[in-house]
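Results of the structural survey
The chain contents come next:
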Amino acid sequence: MNAKELKKKYFEFFKGKNHAFISSASLIPEHDPTVLFTTAGMHPLVPYFIGETHPAGKRLVNVQKCIRTGDIDEVGDPSHLTFFEMLGNWSLGDYWKKEAINWSYEFLTDKKWLGIDKNKLSFTCFKGDKDAPKDEESAKIWESLEIPKERIYFLPKEDNWWGPAGETGPCGPCTEMFYDTGKEKCSKDCKPGCSCGKYFEIWNDVFLEYDKKADGSFKTLKQKTVDTGMGVERAAAMLQGKKIVYDTEMFAPIIGKIKDNAKNQNEKSIEIIADHLKASTFILAEKITPSNLDQGYILRRLIRKSIRHFRLLGIEKENFTSEIAKIVIQTHKDSYSELNENKSFILDELKKEEKKFKRTLETGLREFNKLAKGEKITGKQAFILFSSYGFPIEMTEELAKEKNIELNKKEFEKEFEKHQELSRKGAEKRFKGGLSDSSEQSKKLHTATHLLNAALRIVLKNNNIIQKGSNITSERLRFDFNFDRKLTKEELKQTEDLVNEKIKESIPVKKEEMTLEEAKKRDARGVFEDKYKQKVSVYTIGDFSVEICGGPHVNNTNELGNFKIKKEESSAAGIRRIKAVFK
Ligand code: SER
C-alpha cells in the first residue's frame, strides 16, 4: 500500500465515523511565537482544545505537514525525518478513549482497512505518577479487544505522555501502538519504545485531559480532546515491509536521482540530501526565503548542508538542488497544490542560494588557504572562518583532512559555545517546539492586530493592504503587511489614534460561522483562504473589521489597553512590519 492509498483509506474510514475532513494548515504557525514550524497535527488546532469551536465540527480528520528541526541531526536513521506528514483524527469534546481505541484497532487490523496481523501488535499505556493516575481505562479497552496482558506495557511520562509541547497548556496520557518486525530482542528488557528496530511505532492516541499550569501543577481540562497521530512515511514503510522510510515510493525517485549523479554511494549522505531538500522544498512553498533569521535560517542550513553532501558524493552538477526539488514537487503536488503554485519561486530561490553558498565557499577557501599555510589551524581561526565568512566547520574539517593539516576542533567548539551562549537566550525558547501562547495578554494583542489591520487600510487609503504575517507574544504584537514605502510619523500617529478610538468605543467582538462564499461577500479579510472547505469562523468588530480567523479574541474592545506602535520597518521587499504594545 503506498502513502496515497494509506491516506485515502484513513480519510474514508474516519469519514465513515462522522469525521469532517480539514486540510493541512501551514507549516508556519499563525500566531505562535514559541516555535518556528508546525511540529505536530495538534499544533494548529490548539485554540480548539481550549474553548474555540471549530467550524467543521467536533470530529475532524486530517493530514498535517510537520517540520521537526530538533531531529535534523538524527537524519539518516530509519525513521527520523525533518519534514513529515501526520494523519490524525480528533475529538473536540466529543468521543473519548473507548471509541478512539476501538477505531484505531479496527483500522489497523480489519481486512477492509490495513489488515495488519493482530498478533504482531503491542500496546503501551501510561504508568501513572504524582501528576496523573495509571491509565487503567485504556489498558482495559485493549483487553476488551482480546489483547493478551503480556502485550500491554505500562510506561512512564517520557514514553506515554504528550504535551504540552511548550511550557503550559493541554496535555495528557497516551496509548501507543507498535508493530513487531520479527527482529530478535536486543536485550532482555527490549520492549515497545526501544529504538533497536524490533518495535515500529505506528500510531499514538493522545488523551488531552490536563492543563499544565505555569506553577507545574496539572489541572483537569473542561473539554477533553482526543488527538491521534500516525506518521505517514513510517506507516507506509511498515506496510510495505521496508526497513527505512527512504525505501518507500515517497523517496525512491529522489534517492534514485541522487544515486544516478553520485560518484560514490554513501547512504547517509544520500539520505541527508533527500530529507533536507524535501523539507526545503516544502518550506519554500510557504514563500519563506533563505536568510539568517528564523525559518529562513533553518531553510538556509538545510540547503547548504545538502550542498556540502553533494560534494561528499562527488556531485558537481550546477543547480542540482532545484533538480531534486522538481522531483519533490512532482511526487507531492497532488496532495499539496502550493508546491506547484510556487514552483518557479522554489526553483529560483534554490538557484540563488546555491550561487550564494558557492561564493561563500570560494571566499572561505581562499581564507582557509591563507590560514593553512602552516601545519595547523587553530580553533579560533576555524571559528573566524565560520563566523566571518560563513564557512561551515565541516568544510574546514574536510579540507584539513585532505591537506593533512591539524585542526583543533575542541578549541573551535569552545569558541562556538561562547558565541552560542550569547544568542541562546532568544533562540532557546523558539527551537524547543511549543504551543500557542494562550495567555490573556496574547488574546488582547490578537484583537488589537485586527484593529491595526483595518486601521492601516483607512489611514493609508489603500484597500489592498492585507496581512502578510503575524506573530504575537504576551509582550507585543508583530504585524507584516504589503506596502511599498516607509510610513510617515503622521501616518503612524493616525493609525495609533484610530485603533485607540475603536478601543474606547467599547465595540463587541463577534464570532460567526459561515461559508467561505458568505465571508467573501462580507469582504472578510484573512489569510486562511482555502483552509477549510466548508465553513470558516469570521470575527467582526462592529463595522470596522471583518476577518476570517481561528481566534481566540476578547469579547469587547474595551478590554484592551492603550495601543502604542513601537516600531515600523521593512521586513522584505514590499512588506512593512509593525511592532506594537499596550502601554
Ligand atoms: N500529538 C501526538 C503526536 O504528535 C499525536 O498526534 O504524536
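Just above, that's the structure.
Residues numbered from 1 in each chain as written. Predicted model: local features only at pLDDT ≥ 70, side-chain atom pairs only at ≥ 80, totals over all residues. Heavy atoms only, no water.

A closer look at the overall build of the protein
Operational definition: Strands are runs of DSSP state E lasting at least two residues, helices are runs of H or I lasting at least four, and both sets are numbered from the N terminus onward. All radius of gyration figures rest on C-alpha atoms, and the globule criterion is 2.2 Å times the number of residues raised to 0.38. Exposure categories follow from relative accessible area, calculated using a 1.4 Å probe and restricted to protein chains: below 20% of the type maximum is buried, above 50% is exposed, and the middle band is partly exposed.
Broken down by element type, the protein carries 18 helices and 18 strands. Relative to its length of 583 residues, the protein is compact, with a C-alpha radius of gyration of 26 Å against a globular reference of 25 Å. Expressed along its principal axes, the backbone C-alpha trace of the protein runs to roughly 75 × 70 × 45 Å. Burial statistics for the protein: of 583 residues in total, 54% are counted as buried.

Let's talk about the environment of Leu516
Among the secondary structure elements, Leu516 is positioned in helix α18 (residues 516–521). The sequence separation of Leu516 and Phe13 amounts to 503 residues, and the corresponding C-alpha distance is 26 Å.

Examining the environment of Ile548
Following the sequence through the fold, Ile548 ends up in strand β16 (residues 545–548). Taking the C-alpha atoms as reference, Ile548 lies 48 Å from Glu316; in sequence the two are 232 residues apart.

Observations regarding the sheet that holds strand β14 (residues 509–515)
Where we set the bar: For two strands to be treated as a pair, DSSP must find at least two bridges joining them. Lines fitted to C-alpha atoms define the axes here, with helix axes fitted over just the stretch in contact, and angles between the N-to-C directions of these axes take values from 0 to 180 degrees.
Strand order in this open sheet of three strands is β14-β15-β16, and the pairing throughout is antiparallel. In this open sheet, the two edge strands, each paired with only one partner strand, are β14 and β16. Looking at each pair of strands side by side, their axes are set apart by 25° on average, direction ignored. As defined by bridge partners, β14 adjoins strand β15 (residues 535–541) across seven bridges and the pair is classed as antiparallel. Across the sheet, residue Thr515 finds its bridge partner in β15, namely Lys535.

Here's the deal with the packing of helix α12 (residues 343–371) against helix α13 (residues 379–389)
Here is the rule we go by: Any angle from 65 to 115 degrees is called roughly perpendicular, while one under 35 is roughly parallel, one over 145 is roughly antiparallel, and all others are oblique. The sense of a crossing depends on the near helix, which, turned anticlockwise from the far helix by less than a right angle, makes the crossing left-handed and, turned clockwise, makes it right-handed. Only heavy atoms matter for contacts: two residues are in contact if any of them lie within 4.5 Å across the pair. When residue character is reported, Ala, Val, Leu, Ile, Met, Phe, Trp, Tyr, Cys and Pro are called nonpolar, Asp, Glu, Lys and Arg charged, and the others, Gly included, polar.
At a closest axis distance of 10 Å, the pairing of α12 and α13 adopts a crossing angle of 155°. Taken together, the axes of α12 and α13 lie roughly antiparallel to each other. Read as a crossing pair, α12 and α13 show a hand that is right-handed. Residues Thr360, Thr363, Gly364, Glu367, Phe368 and Leu371 of α12 form the contact with α13, whose participating residues are Gln381, Leu385 and Tyr389. Here the residues of the contact of α12 with α13 sort into four nonpolar, four polar and one charged.

Some details on the site of the ligand
Stated formally: Nearness here has a simple test: a residue counts as near a molecule or strand if at least one of its heavy atoms is within 4 Å of that partner. Polar contacts, as used here, are pairs of N or O atoms within 3.5 Å; protein pairs need one atom able to donate a hydrogen and one able to accept it. Residues neighboring in sequence count only if both atoms are side-chain atoms. With residues, only the protein chains shown are counted as cover, and all accessible areas are computed by Shrake-Rupley using a 1.4 Å probe.
Residues in contact with the ligand, as listed here, are Ala40, Met42, Arg68, Met86, Trp162, Asn204, Val206, Asp227, Thr228 and Gly229. In this structure, an oxygen atom belonging to the ligand sits 3.4 Å away from a side-chain N or O atom of Arg68. Asp227 has a polar side-chain atom sitting 2.6 Å from an oxygen atom of the ligand. For the ligand, the protein covers 96% of the area, taking 230 Å² as the surface of the free molecule. Ranked by residues supplied to the shell around the ligand, first place goes to strand β9 (residues 218–231) with three residues. Split by residue class, the shell around the ligand holds five nonpolar, three polar and two charged.

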